[in-house]
Amino acid sequence: MSLSSPPNRLGTAALLLVLGLAEANLGRAAAPVIVHGAPVEILYNVSNPGDAQFGYRIVATGSPTDFAATGLPPDATLDRATGWINGSRNHPGTYDVAVRATNADGTGTAIVRLAIHPTATGVSSSSGRFHAGQTFTFTVRYNAPVTVSGTPHLTLALGPIAAPEFKPAVYVSGSGSNELVFEYAVADDDLAPDGVRLLPSAPAGGAICDASGLAASPSLPVRHFVSGITIATVDGVFPTRL
């Protein structure tokens, strides 16, 4: 449309209506709108293994002065003035939390899904001196019963620290419980006079989930785990490799 064309009456009326509404609402605050999206994934904090807490803040427009929440995970708390939810990672599961944010002009509501993933909380191993043909185990403890599918394995480091050989300890039992057992069969050429070491990565090659289907956190609560396991020859000697 050119500037010299006659005005479109319907378009002009619509524009005036929009301008009138904008003018009527000028300076009027609005009820809060809670900003949320995909489920909030809460995982084990690999950078701080001792940190069992999580924090999530309810974010809303309109400068709310009061927050509320129902359906929180066990032991979780809400700061009603700031909207911060704090809780423990040791209650895995999926929680649909009904949250509210209120200001002088009204209340906004939403459902926020918190997905707390199961976490490995400890590792133990066999101890002693082993040789070819024998087996030893590692046990990984979780903070909830977990179910295994496929054949996951842990990664072990055998031999000198500067040039280790990486070997898999394969899952053998424990699905449906809080403890999973992984086993390694010593091969003829294995040596580990200074101890078998466990890498901190979570079991790979399969799936480990809780009852709601949430996958276990992708790390173990260890940074440098040296077991009480050594590997020698059948006669108990630690030969030097050439």
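Before any of the text, the structure's been laid out above.
This one's a predicted model, so the numbers in the text were calculated from it and none came from an experiment. (Residues numbered from 1 in each chain as written. Predicted model: local features only at pLDDT ≥ 70, side-chain atom pairs only at ≥ 80, totals over all residues. Heavy atoms only, no water.)

Draft legend 1. Spotlight on the sheet that holds strand E3 (residues 53–57). Spatial strand order, E3-E7-E6: 3 strands in an open sheet with antiparallel pairing. The open sheet has two edge strands with one neighbour each: E3 and strand E6 (77–78). Here 2 bridges tie E6 to strand E7 (residues 84–88), and the two strands are oriented antiparallel to one another. Paired with Leu 78 across the strands is Ile 85, a residue of E7. (Pairing = 2+ DSSP bridges. Helix = DSSP H or I, 4+ residues; strand = E, 2+ residues; numbered from the N terminus.)

Draft legend 2. Expanded view of the pattern of salt bridges. Applying the stated criterion to the full structure yields 3 salt bridges. Among the salt bridges present, the one from Arg 80 reaches Asp 66, with a minimum N-O distance of 2.8 Å. Here Arg 80, found in the loop between E6 and E7, pairs with Asp 66, found in strand E5 (residues 66–70); they are 14 residues apart in sequence, far enough to count as distant. Given the relative accessible area of 27%, Asp 66 is considered partly exposed. With a shortest N-O distance of 2.6 Å, Arg 113 and Asp 96 are connected by a salt bridge. Of this pair, Arg 113 sits in strand E9 (residues 106–116) while Asp 96 sits in strand E8 (residues 93–103), and the two are 17 residues apart along the sequence. Among the residues examined, Arg 113 registers a relative accessible area of 39% and is labelled partly exposed. Residue classification places Asp 96 among the partly exposed residues on the basis of a relative accessible area of 40%. (Salt bridge = Lys/Arg side-chain N within 4 Å of Asp/Glu carboxyl O. Buried < 20%, exposed > 50% of the residue type's maximum accessible area, 1.4 Å probe, protein only.)

Draft legend 3. The arrangement of the sheet that holds E5 in detail. Judged by pairing direction, the sheet is mixed, and its 4 strands sit side by side in the order E2-E9-E8-E5 without closing on themselves. At either margin of the open sheet sits one strand with a lone partner, and together these are strand E2 (40–42) and E5. Strand-to-strand, the axes of this sheet are offset by a mean angle of 30 degrees, without reference to chain direction. Here E8 pairs with E9 via 11 bridges, running antiparallel. Counterpart to Asp 96 in the pairing with E9 is Arg 113. (Axes fitted to C-alpha atoms, helices over the stretch in contact; angles between N-to-C directions.)

Draft legend 4. Highlighting the nonpolar core. Residues Phe 136, Phe 138, Leu 156 and Val 196 are the most contacted members of the largest nonpolar core, which totals 27 residues. Elements supplying a minimum of two residues to this core: strand E10 (120–125), strand E12 (135–158), strand E13 (165–173), strand E14 (177–185) and strand E18 (228–231). If you tally residues by element for this core, the top one is E12, at 9 residues. (Core = buried A, V, L, I, M, F, W, Y, C linked by side-chain atoms within 4.5 Å.)

Draft legend 5. Expanded view of unusual backbone geometry. The backbone of Ser 63 sits at a positive phi, close to 50 degrees, despite the residue not being glycine. Phi is positive for Asp 75, close to 70 degrees, though the residue is something other than glycine. With respect to the helices and strands, the residue Asp 75 is situated in the loop between E5 and E6.

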